[in-house]
Amino acid sequence: MLKRRSVSEITFDYFNIIFLVFSVVIMIYPFLYVVFASLSDPARFAEHSGLLLSPLSLSFDSYKAVFDNPNILNGYKNTLVYLLVGTTINMALTTLGAYSLSLRKLKMRNYIMMGIVFTMLFNGGLIPTYILIKNLHFIDSIWAITLPSAISTMNLIIMRTSFQSIPASLEESARIDGANDLVIFARIMIPLSIPVISVMILFYGVGNWNAWFNASIYLRSREKYPLQLILREILIQNSTDSMMTGAAASDDKSLVSETIKYATIVVATVPILMVYPMLQKYFVKGVMVGAIKG
Amino acid sequence: MIKKVSLLLSFVLVFTIFAGCGSEKVNQTDKTPTSAQSSSSVTSSSGPEAITLPIVSKPITLKVFWTMDPKASAVNKTYNDMAFFKEMEIRTGIHIEFQHPPVEQAATQLNLMLASNDLADMIFYMWSNVPGGVAKLISDGMVVKLNDYIDKYAPNIKKTLSDNPEWKKQAELDDGTFYKFPKIKDSTTLLQTSGFQVRQDWLDKLSLKAPVTIDDWYNVLKAFRDRDPNGNGEADEIPFTLDNSVFTLQQFGPSWKVQNDFIQIDGKVGYGPMEPGYKDFVTTMAKWYKEKLIDPDYLATDSKSFESKVVSNKVGTFWGMSNGHLAKFTSLWKTGTNADNKNNKLVGIPPPIASDGKKYSKEYQPDVSEDGLVITSANKYIKESVKWADYIYGPEGKLLSNYGIEGQSYTMVDGKPKLTDDVLKNSQGLSIINALHKYTYAISTGPCVQMLDIFNQTSTFPEQNIAFDQWTKDVTKINLTSLNPTEDEGKDLAKNMGDIKTYVDEMFNKFVMGLEPLDKYDEFVKEIKNMGIDDAIKIKQDMLDRYNNKK
Amino acid sequence: MNIIFFLEVQSLQKSVSVTKFKNKTNPLIALKKDLTLNKCAYLMLAPVILYYLIFQYFPLYGAQIAFKDFEFSRGIIGSKFIGFENFVEFFNAFYFWRIIRNTIVLSLYNIVFGFPAPIILALLINEVKSTTFKRITQTLTYLPHFISMVVICGLILDFTSRGGVVNDLLHLFGVPPTAFMLEPQWFRTIYVSTDIWQQVGWGSIIYLAALTGINQELYEACNVDGAGRWKQLITVTLPGIAPTIIIMLILRMGKLMDVGLEKVMLLYNSNTYETADIISTFVYRKGLIDMSYSYSAAVGLFNSAICFVFLIIVNNISRRVNETSLW
């Protein structure tokens, strides 16, 4: 089918591309800055201010300093484990919950939703949660990292919305065929929701990768520290910002430079950045088409 | 709809109130009566018994909660990797199991530990930071009062404190309760680790002497502004700036005997902005700002931009730290690619003298630090713990904690310990401070007597040692430290000071930057009075009086 | 025989209808019916409910701390009850109205400008024909989200300083330099626009995913009708992602008082307190002085209560106007 584009549409397309390219440029800039800074010579970087368009006197010293830390490789390994276990738990619970709550036939649905949303705003604070974890004997274990934040209510709600927008006709025809809720869930709902599920895997995955707070409260053995926690410690060595150290400013910095901060960020984010391109192919249009015809 | 919501809410409320029942162990630690510990047979007639090693015949393990200093965590997995603790275990027979919270979360983890009554045997922490105050923890029995134990088992600390009455006052609570093994700085030179710094090479180039009075400063700053000391033909010099995320313009206050907080002069407490000198201070700062002697962007200068301004040769004077600034900048210049910078020289200079010719400072730390090692009610070996900690304050303990292991980190030269090359010129490229932390911790913090000599030996540049001297010699302290509020005092102070501090900080910078005309100054003072400052001053005066009256 | 049978059937019918009538007014039986009918679904829901009960509702008793004079040795339950004292102290703060105003204004600016931005970006990306261009754009625009706040704020302070890039640019137009971060009137603009800069790419992901869920046949039908791109946008695309947009908006409104502490702390200074000092920064500074758990808990509870009321209102409006709502 030949589509003729009007003049205004063509102009729009060109301006759109220009605008998007411009947006991309200003948005990758902070990341480029970080990469260039991490590859710069510490002394030259210290005296520099303003835009950074390339590494200053290319130097890998900062990366060497970061990887010299004996805990880094261990941190990577731990984070990977927490990521896999955590994301699996997240996805299992969230999809089950989202689908069940999308069923309009459940009479308790609204009450449960209210109850869940309530917890988004109100919580008891750190002390009771800590005591709970302690009483469950989860201190210093992977469960303290993955269970307290097993479900993100926001993600649950988004997923529920997506399930709700799948036409009811599909569900009904399956029920007539005798399928129960679980079968419908597994055989119909999930395959139809691949885009949203990919997004959730991305959101939870990134969240788990970047997570450090639960680890900082509940872990006792440094061998179990995730990457982010180790890296934050490296940043603290370098920081005069009292908000980071929490203590009154004292002359407590070793002669370590700013560029380490940037190498740290690169080391922490590059792996997870690789994930999105891999998930992108699931954001494919036309997934619905076959389903309706069937 | 509203009915549904209120039903849900009331259900939730009821549930939460009852849910808590029986779930949290209400901490009913028995209040350990103060002197009832050992109705033992140890005759304490002639003071504490000397410490004999090993302290225990059968090895015991003690759990210690202690934040690992970042300089140490770069080279140790736990403090047990540190030579000091390995040696202590050999000598005393006591094994330590460390709980090292991440630096950022030290306060949170400590508070959680207290709230869940899951105490370690000993805790090293900054006790002025505890919600509710440490006195409460002692009276509730969670932290053990140590006076009797010290009398019986801790000869070293007892002697150290009785030889130095001022230290004794700082270490104890107002009622004489001794509860912690602190870090004690053995020299007043160590009490200020930051101060004014100036580009000596600029002074030399312009044939100027280091400024002594406020008028000197005015002239030197003007010269820096006008006579192009960085020699690039542009008037881009910033005569004075600072890292506003850490320090403020208040550093000049002591030259008028004021600051934006409480001060004490000869035992009398005042609040800086209420003092007459504060107006002169603000007026002078406003004048300097207007004449571009102070960095126009000083308020928005964070660490990174401060660093770039100094390292790129724009700054003539600033207030900064010894290691973090003086040493770091000098080192960057020396190792950098720009050859012109190699002769840049930063030196520390004393604060400008006040109208009475004396030097004052608001940055003075107390000799006895606010952090310290305490013993908790969970500890089953209090006697042994006290002995273990006290050992560190004795002659061998001091060597071990400051210098490390003889033959490895130091050797004795002419009867004095000298650090070895393994520390000073580490073969793996570690900095001096990091290398020393493989062996011991006194240079950062922990229970010990921190010696001036170890600082002198670990400075990267001689200018640092001179700077410490310049910043502390003949300098009188005007800030308040080592005071202990009672519970009520703490509450009353907290009520108003949050607002007052916000107001003062805001107005100060507005006056200096010319956003608020100086003729509004008297209204400013009136407003602070209305906010209740007089009550706060009285409370602080009571606290100071109690401190001064301690025996 | 017939008559007896008939009478029995009649009484049976009566009892059945009476029972039915009873069931209508007995919620517990209705609930039981619901559970048995939908056993499978509720079983699927069970672990989720368990999670919320254990990890969210059980610890809620800790919220009492806002009403107590918390002491470690007594724990939350044992501490003395002081009622609304903490709240009163908060309401009486000299700067109370200022921090409330700043918090709400900053949050509203963020919603008005920051909420549509990712949607617009997603729509623009969606209009591009080339899949490669789309993919690359998506991946690159979300990069700033991963840079830590400390670095972003360092960049902001640097760029907006008197000698920084922004002023250099303005210099080209003959505009004299302004120290933006020292001026209260610029704070909100800089805060919100840099927020968009950092988050728009990441925020657009959810909308891009929603866009792929729109039935392609609807577009084809539009083409057959000869409708232009703009019309397609209005009649197909926007309605297609409307549920996502609405839910996201409701959730966003529910976080009204939730303005991040870290970014404001890194960007503000006493000169900009007038517009930049918000509830969380004020409480943080106060906490440094008196370290009271109860006080910050009280303020937090106050925040949450306001957000919750707002959330309920917005949710109800949404439910009446269209079908999408949280409950």
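Residues numbered from 1 in each chain as written. Chains lettered and ligands numbered in written order. Predicted model: local features only at pLDDT ≥ 70, side-chain atom pairs only at ≥ 80, totals over all residues.

(A) Representation of the overall build of chain A within the structure. Per the secondary structure count, chain A includes 17 helices and zero strands. When each of the 294 residues of chain A is scored for burial, the buried share is 44%. Considering only residue pairs separated by 6 or more positions, chain A has 71% of its internal contacts joining residues 24 or more positions apart. (Helix = DSSP H or I, 4+ residues; strand = E, 2+ residues; numbered from the N terminus. Buried ≥ 20, exposed ≤ 12 C-beta atoms within 10 Å, placed from the backbone. Contact = placed C-beta atoms within 7 Å.)

(B) Looking closely at the interface of chain C and chain A. Contact with chain C, which involves 71 residues of that partner, is made by 76 residues of chain A. Tallying contributions element by element places helix α3 (residues 39-57) of chain C first for the side of chain C that touches chain A, with 11 residues. Residues that form the side of chain C that touches chain A fall into these classes: 46 nonpolar, 19 polar and six charged. (Nonpolar A, V, L, I, M, F, W, Y, C, P; charged D, E, K, R; others polar.)

(C) Just the confidence of the model for chain A, in detail. Residue and element names in this part refer to chain A. Per-residue confidence for chain A gives a mean pLDDT of 82; residues scoring 70 or more make up 87%. Ranking the elements of chain A by mean pLDDT puts helix α14 (residues 242-245) last, at 34, and helix α7 (residues 142-146) first, at 94. Considering only residues more than four positions removed or in separate chains, one finds that residues 285-294, a stretch of pLDDT under 50, has 12 contacts. (pLDDT = per-residue confidence, 0-100.)

(D) The sheet that holds strand β9 (residues 315-321) of chain B, seen in detail. Residue and element names in this part refer to chain B. On the basis of which strands lie adjacent, the open sheet formed by four strands has the order β6-β9-β5-β10 and mixed pairing. In this open sheet, the two strands that pair with only one neighbour each are β6 (238-241) and β10 (346-349). Pairs of neighbouring strands in the sheet enclose a mean axial angle of 30 degrees, with direction left out of account. In this structure, β6 lies alongside β9, joined through three bridges in parallel fashion. Among the inter-strand pairings, Ile-238 is bridged to a residue of β9, identified as Val-315. Of the strands in this sheet, β5 (194-199), β9 and β10 touch helix α13 (residues 322-335), which is tilted by about 140 degrees from β9. (Pairing = 2+ DSSP bridges. Axes fitted to C-alpha atoms, helices over the stretch in contact; angles between N-to-C directions.)

(E) The packing of helix α6 (residues 126-135) of chain A against helix α4 (residues 106-115) of chain B, seen in detail. Where α6 of chain A contacts α4 of chain B, the two axes come as close as 10 Å, and the packing angle between them is 65 degrees. The angle between α6 of chain A and α4 of chain B places the two elements in the roughly perpendicular class. α4 of chain B is crossed by α6 of chain A, and the crossing has right-handed handedness. Counted together, Leu-126, Ile-127 and Tyr-130 of chain A of α6 of chain A and Thr-108, Leu-112 and Ala-115 of chain B of α4 of chain B form the full contact between these two elements. Classifying every residue of the contact of α6 of chain A with α4 of chain B by side-chain character gives five nonpolar, one polar and no charged. (Parallel < 35°, antiparallel > 145°, perpendicular 65-115°, else oblique. Left-handed = near helix turned anticlockwise from the far one by under 90°.)

(F) Structural view of the interface of chain C and chain B. Every contact between the two is made by 38 residues of chain C and, on the other side, 39 residues of chain B. Among the elements of the structure, α4 (75-78), α9 (149-160), α16 (279-290) and α17 (293-321) of chain C are those that each provide at least two residues to the side of chain C that touches chain B. Looking at side-chain class alone, the side of chain C that touches chain B contains 20 nonpolar, 10 polar and eight charged residues.

(G) The arrangement of the environment of Lys-398 of chain B in detail. All names here are of chain B. Along the chain, the position of Lys-398 falls in helix α15 (residues 395-403). Look at Lys-398 and you get buried, because 22 C-beta atoms sit within 10 Å. Residues Lys-398 and Val-423 lie 25 residues apart in sequence; the distance between their C-alpha atoms is 18 Å. Beyond its immediate sequence surroundings of up to four residues, Lys-398 is in contact with Tyr-393, Val-449 and Met-451.

(H) Just the domain arrangement of chain A, in detail. All names here are of chain A. Partitioning chain A into structural domains gives domain 1 (7-61) and domain 2 (69-242 + 254-293). Taken together, the contact pairs eight residues of domain 1 with seven residues of domain 2. Counting only elements with at least two residues in the side of domain 1 that touches domain 2, the list comes to α1 (7-38) and α2 (42-46). At four residues, α1 tops the list of elements feeding residues into the side of domain 1 that touches domain 2. Its residues assigned to classes, the side of domain 1 that touches domain 2 comprises six nonpolar, two polar and no charged. (Domains from an automatic or database assignment.)

(I) Expanded view of the pairing of strand β3 (residues 122-126) of chain B. Residues and elements named next belong to chain B. Of all the five residues making up β3, four are buried; the element is thus mostly covered by neighbouring parts of the structure. Sheet analysis places strand β1 (residues 60-66) next to β3, joined by three bridges and oriented parallel. Residue Phe-65 lies in a different strand from β3, and its bridge partner there is Ile-123. In the sheet, β3 pairs with strand β12 (residues 368-375) via five bridges, with the strands oriented antiparallel. The residue of β12 that forms the bridge with Ile-123 is Val-374.

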